[in-house]
Amino acid sequence: MTGALHLLCGKIAAGKSTLSVRLAAKAGGVVIAEDHWLSTLYPGEIADLADYLRSSERLRAAISPLIVAMVRGGQAVVLDFPANTVASRAWMKELADAAGVTATLHFLDPPDDVCRARMHARNASGTHPYQVDDATFDQFTAHFVAPTDAEGFAIARYG
């Protein structure tokens, strides 16, 4: 029995985590959220992009076998990690291939001003493990690459 793998692509505050919860509920699956794991495993240690990349790479190496095993075992997994670069999506494609599934990539593409407004509201609410300022938004957005059909995912697009 094979499960499903759902991936999320979108800039900071595009709505990835909100959608991940809805997808998991609909599929009877589980959400594995990078922000939760990084803030738990590396509290106070992620101050910039280099820290994020180092910590994220460690997390990915640790949980990759678990994700593959869950999907192979019939579980629907919603991977709430940003599939925002070709390199991050290549890792996710490896997971899907190892699990024997075609992953669905959910691409959320609201305008930057909408993401910024959501980010500011999220910061004000204090409900997210990371406070992101405009400079950090710009830094991460500069590395964003929209997905293409050639990457081998089933892409669901959201405006």
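Note that the structure is a prediction, hence the values are computed from the model and not measured. (Residues numbered from 1 in each chain as written. Predicted model: local features only at pLDDT ≥ 70, side-chain atom pairs only at ≥ 80, totals over all residues. Heavy atoms only, no water.)

Would you explain the overall build of the protein in this entry?
Counting its regular elements, the protein contains six helices and five strands. Listed N to C, the secondary structure of the protein is β-α-β-α-α-β-α-β-α-α-β in terms of helices and strands. Relative to the 2.2 N^0.38 estimate, which gives 15 Å for 159 residues, the radius of gyration of the protein is 15 Å and therefore close to what a compact globule would have. Over its C-alpha atoms, taken along the principal directions, the protein stretches across nearly 45 × 35 × 30 Å. (Helix = DSSP H or I, 4+ residues; strand = E, 2+ residues; numbered from the N terminus. Rg over C-alpha atoms; globule rule 2.2 N^0.38 Å.)

Would you mind showing me how to read the side chain of His-106 here?
Inspection of the secondary structure puts His-106 in strand 4 (residues 104-108). Reaching out from His-106, the side chain makes a polar contact with the side chain of His-6 at a distance of 2.9 Å. Excluding anything up to four places from it in sequence, His-106 contacts His-6, Leu-7, Leu-8, Cys-9, Leu-19, Leu-23, Ala-156 and Tyr-158. (Polar contact = N/O pair within 3.5 Å; in protein donor to acceptor, adjacent residues only side chain to side chain. Contact = heavy atoms within 4.5 Å.)

Even after reading the chapter, I still don't get the sheet that holds strand 1 (residues 4-9), so can you show me in this structure?
Strands belonging to one sheet form pairs held by backbone hydrogen bonds; the direction of such a pair is parallel or antiparallel. An order of 2-3-1-4-5 is seen for the five strands of this open sheet, with the pairing classed as parallel. Either end of the sheet is taken by a strand with one partner, and the two such strands are strand 2 (30-33) and strand 5 (154-158). Taking each pair of neighbouring strands and ignoring which way they run, the sheet shows an average axis angle of 20 degrees. Across five bridges, strand 1 lies against strand 3 (residues 76-82) in parallel orientation. Within strand 3, the position partnered with Ala-4 by the bridge is Ala-76. Against the sheet, helix 1 (residues 16-27) contacts strand 1, strand 2, strand 3, strand 4 and strand 5, and its axis sits at roughly 175 degrees relative to strand 3. Across the face of the sheet, helix 3 (residues 49-72) comes into contact with strand 1, strand 2 and strand 3 while running at roughly 170 degrees to strand 3. (Pairing = 2+ DSSP bridges. Axes fitted to C-alpha atoms, helices over the stretch in contact; angles between N-to-C directions.)

Sorry if this is basic, but what is going on with the pattern of salt bridges here?
Close approach of charged atoms allows side chains with opposite charge to pair. Throughout the structure, instances matching the rule amount to seven salt bridges. Of the charged contacts, one joins Arg-116 and Asp-138 as a salt bridge, the two residues approaching to 2.2 Å between their closest N and O atoms. Of the two residues, Arg-116 sits in helix 5 (residues 112-125) while Asp-138 sits in helix 6 (residues 134-141), which places them 22 residues apart along the sequence. Accessibility expressed as a relative area gives 23% for Arg-116, which makes it partly exposed. Between Asp-149 and Arg-157 there is a salt bridge, with the nearest N and O atoms lying 3.8 Å from each other. Each of Arg-116, Asp-134 and Asp-138 takes part in salt bridges that share partners, so that together they form one network. (Salt bridge = Lys/Arg side-chain N within 4 Å of Asp/Glu carboxyl O. Buried < 20%, exposed > 50% of the residue type's maximum accessible area, 1.4 Å probe, protein only.)

How do you make sense of the packing of helix 3 against helix 4 (residues 86-99) when you look at a structure like this?
For any two helices packed against each other, one specifies the crossing angle of their axes together with the interaxial distance. Interaxial distance between helix 3 and helix 4 falls to 8 Å at its minimum, and their mutual angle equals 35 degrees. Note on packing geometry: the crossing formed by helix 3 with helix 4 is right-handed. Together, Arg-60, Ser-64, Ile-67, Val-68, Val-71 and Arg-72 of helix 3 and Ser-88, Trp-91, Leu-95, Ala-98 and Ala-99 of helix 4 make up the contact between the two elements. Looking at side-chain class alone, the contact of helix 3 with helix 4 contains seven nonpolar, two polar and two charged residues. (Left-handed = near helix turned anticlockwise from the far one by under 90°. Nonpolar A, V, L, I, M, F, W, Y, C, P; charged D, E, K, R; others polar.)

Just checking my understanding: could you explain the packing of helix 2 (residues 34-41) against helix 3 for this structure?
Put simply, helix 2 and helix 3 touch, their axes get as near as 10 Å, and they point 105 degrees apart. The pairing of helix 2 with helix 3 is recorded here as roughly perpendicular in orientation. Taken together, the residues of helix 3 that come into contact with helix 2 (itself represented by Glu-34, Trp-37, Leu-38 and Leu-41) are Tyr-52, Ser-55, Ser-56, Leu-59 and Arg-60. Counted by class, the contact of helix 2 with helix 3 contains five nonpolar, two polar and two charged residues. (Parallel < 35°, antiparallel > 145°, perpendicular 65-115°, else oblique.)

Would you mind going over the packing of aromatic side chains with me for this structure?
Any two aromatic rings considered together are summarised by their centre-to-centre distance and by the angle between their planes. Counted under the stated rule, the structure contains three aromatic pairs. Summarising the aromatic geometry, the rings of Phe-107 and Phe-144 are spaced 6.2 Å apart at their centres and angled 25 degrees between planes, so their arrangement reads as stacked. On the criterion of sequence distance, the pair formed by Phe-107 in strand 4 and Phe-144 in the loop between helix 6 and strand 5 is long-range, its members being 37 residues apart. By relative accessible area, which is 17% here, Phe-144 ends up buried. The residue whose ring lies beneath Lys-11 is Phe-144, and the NZ or CZ to ring-centre distance is 5.4 Å. (Phe/Tyr/Trp six-rings, centres within 6.5 Å; stacked < 30°, edge-to-face > 60°. Lys NZ or Arg CZ within 6 Å of the ring centre and 35° of its normal.)

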